[in-house]
Amino acid sequence: MIDPFTSSIKRPLIAPSILAADFAKLGHDCQAAMDAGADLLHVDIMDGHFVPNLSMGPVVCGACRRACPDTFLDVHLMVTTPQMFFKPFRDSGANAISFHIEVVDSQQHARDLAAELREMGCHPGIVINPPTDVEKILPVLDAFDLVLVMSVNPGFGGQAFIPEVLTKAKTIKQLLTPTQRLEIDGGIVPQIAPLAIDAGIDMLVAGSSVFGQPKDQWTHTIELLRGPKSRK
Ligand code: DX5
Ligand code: ZN
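Rules of the game
- Residues numbered from 1 in each chain as written.
- Chains lettered and ligands numbered in written order.
- Predicted model: local features only at pLDDT ≥ 70, side-chain atom pairs only at ≥ 80, totals over all residues.
- Heavy atoms only, no water.
- Pairing = 2+ DSSP bridges.
- Helix = DSSP H or I, 4+ residues; strand = E, 2+ residues; numbered from the N terminus.
- Axes fitted to C-alpha atoms, helices over the stretch in contact; angles between N-to-C directions.
- Near = heavy atom within 4 Å.
- Polar contact = N/O pair within 3.5 Å; in protein donor to acceptor, adjacent residues only side chain to side chain.
- Areas by Shrake-Rupley, 256 points an atom, 1.4 Å probe, with all protein chains shown as cover.

### Topic: the sheet that holds strand β3 (residues 73-78)
For step 1, the next point in the chain: Ordered by their spatial adjacency, eight strands build an open sheet running β1-β8-β7-β6-β5-β4-β3-β2, and the pairing between neighbours is parallel. Only two strands of the sheet have a single neighbouring strand rather than two, namely β1 (13-16) and β2 (41-46). Between one strand and the next, the sheet's axes are offset by a mean angle of 25 degrees, whatever the strand orientation.
For step 2, the next point in the chain: Here β3 runs beside strand β4 (residues 96-100); their pairing, made up of four bridges, is parallel. Residue pairing across strands places L77 opposite F99, the latter belonging to β4.

Given below as structure tokens:
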């Protein structure tokens with residue numbers, strides 16, 4: 001398993017989002033993405049309330065875990081009450097669980113939720129949406145292992161990248177320690193990936209740009225997303 005938080009790999013990590021996978025053969029697609037060179041899998045959870053879509057629950061995360069026993073599962077909770085889902089996803093094999101700064105009541109609440117996830121053995125992540133001011137997240141960054149900058153308004157795959165979020169990413173990157181990871185999610189295609197990497201992103205979520213392609217293109221696409229060999 002490549003663990004983003006202990007790995008010595010310097011190159012950007014690629015995390016295909018299973019939201020874009022073929023759910024008629026999800027286990028096969030998960031394993032095929034890892035065989036094609038993905039570093040970990042991103043699991044997009046939507047509650048139909050925080051975002052206008054419903055995606056999957058802990059049982060699907062568990063299915064991914066059974067299909068890929070040695071893969072790091074990066075769970076992204078696009079939900080109004082994330083705390084309800086911490087234990088069900090931890091028990092379903094999540095390695096990291098991220099929730100949105102937009103749903104927490106205070107800085108202390110964000111810190112308490114991060115501590116709860118750490119207690120459970122999961123890496124805590126905090127997520128910020130494109131319209132949210134970066135000032136909202138800066139005071140709590142130190143409580144998290146992972147910071148996820150949304151580059152689309154969450155709810156659906158296949159949307160267009162919002163370039164303005166790169167300014168936010170650069171600001172956040174300056175405040176992170178070397179062991180914290182900065183991730184981006186939404187509209188990440190090979191043409192966009194270098195811009196994100198240059199802004200300090202070191203984990204790229206890619207849904208439709210991987211799973212939306214013919215399977216025999218996945219290895220090539222993942223390599224393109226990573227950028228030139230020199231970025232090793
Ligand atoms: C929020 C989701 C999407 C998705 C990525 O809507 O988190 O960002 O996983 O989808 P693509 O890579 O297809 O934009
Ligand atoms: Zn996501």
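There's more to say after this.
### Describing the site of ligand 1
For step 1, the next point in the chain: In the vicinity of ligand 1 lie 18 residues, with D44, D185, G187, G207 and S208 positioned nearest.
For step 2, the next point in the chain: At a separation of 2.3 Å, an oxygen atom of ligand 1 approaches a polar side-chain atom of D44.
For step 3, the next point in the chain: Within the backbone of G187, a nitrogen or oxygen atom sits 2.8 Å from an oxygen atom of ligand 1.
For step 4, the next point in the chain: Here ligand 1 loses 99% of its free accessible area of 370 Å² to cover by the protein chains.
For step 5, the next point in the chain: For the shell around ligand 1, the secondary-structure elements that each account for two or more residues are β2 and β3.

Bear in mind that shape data such as this cannot, by itself, settle questions of function.
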